[in-house]
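Single-letter residue listing:
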Amino acid sequence: SNPKQQNDGNRKAPSPDASQGSSESSHTGRYRGQYHHADPARIQEILSDSLNLALTSQNLETSESRFELARECFRELSERLLPDQAFDGLKENFARAALDFPTVHRTNAIKRLLGLAENAKRAGTKLKYLQEAQRIAREGLNDPTARKDELESLFAIVSKRVLLVK
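Residues numbered from 1 in each chain as written. Predicted model: local features only at pLDDT ≥ 70, side-chain atom pairs only at ≥ 80, totals over all residues. Heavy atoms only, no water.

A short note on the pattern of salt bridges
Note the threshold: A side-chain nitrogen of Lys or Arg and a carboxyl oxygen of Asp or Glu constitute a salt bridge if their distance falls within 4 Å. The way it works is that DSSP assigns letters per residue, a run of H or I at least four long becomes a helix, a run of E at least two long becomes a strand, and they are numbered from the N terminus. Burial classification: accessible surface area is computed with a 1.4 Å probe over protein chains only, and a residue below 20% of its type maximum counts as buried, one above 50% as exposed, and the rest as partly exposed.
Evaluated as defined, the whole model comprises ten salt bridges. Arg147 serves as the salt-bridge partner of Asp100, at 3.1 Å between the closest nitrogen and oxygen. Taken together, the residues span a long stretch of sequence, with Asp100 in helix α4 (residues 84-119) and Arg147 in the loop between α5 (123-141) and α6 (148-165) at a distance of 47 residues. Taking the relative accessible area as the measure of exposure, Asp100 reaches 14% and is therefore buried. Overlapping salt bridges, with partners in common, bring together Arg106, Glu132, Arg135, Glu139 and Asp143 in one network.

Given below as structure tokens:
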């Protein structure tokens, strides 16, 4: 068990229909039906690659669009007749990723912005990156599915650096 998830054992993984990470409804999203005729093995590969990118990208928009694609691939596979054991493994992996996504994609983006602020030469540029990191952290703190401890810690770090720049 992941120690970071132990405090949040009562959080539920968002369903594949959750519109998290995208303002578009899952039924009208940009990927809806795109893989309807694709081979299930190819859809599984896209699902796996998309989840990996969603959880590792430091670009917020990239991670959100990849999670949306993973959600659509998961939905497509769930609508097909797959052997129960194979689908159970996919379901478990998707549920775990869906539980981590609200926090992980934001922490990755915040860390990237902290690095950009650290390397920026002008105070105005540093402040711009730090304020964007604050905005993302605040958004995460308002998300009931995100882990607050990690985001609060990053928010505090970013806020201290904002004060140093001002």
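Some remarks on the environment of His105
For clarity, the threshold we go by: When checking whether two residues touch, look at their non-hydrogen atoms; a contact exists if any pair is within 4.5 Å. N or O atoms closer than or at 3.5 Å make up a polar contact, with two conditions inside protein: a donor-capable atom paired with an acceptor-capable one, and, for residues adjacent in sequence, both atoms drawn from side chains.
Along the chain, the position of His105 falls in helix α4. For the pair His105 and Thr62, spaced 43 residues apart in the sequence, the C-alpha separation amounts to 9.4 Å. Once you skip the residues sitting within four places of it in the chain, His105 turns out to touch Ala54, Leu60, Ser63 and Glu64. Among the polar contacts made by the side chain of His105, one reaches the main-chain carbonyl oxygen of Phe101 at a distance of 2.7 Å.

Structural notes on helix α3 (residues 60-79)
An α-helix turns once every 3.6 residues. As a result, residues three or four positions apart point the same way. Here is the rule: To estimate how far a helix should extend, the number of its residues minus one is multiplied by 1.5 Å.
Its 20 residues place the ends of α3 29 Å apart at the C-alpha level, agreeing with the 28 Å of an ideal helix rising 1.5 Å per residue. The element α3 is extensively covered by neighbouring structure, given that 15 of its 20 residues are classed as buried.

Quick look at the confidence of the model for the protein
The following threshold applies: Per-residue confidence from the predictor is reported as pLDDT, which spans 0 to 100.
The predicted model of the protein has a mean per-residue pLDDT of 82, with 75% of residues at 70 or higher. Segment residues 1-27: pLDDT under 50, and 51 contacts once partners within four positions in sequence are set aside and those in other chains are kept.

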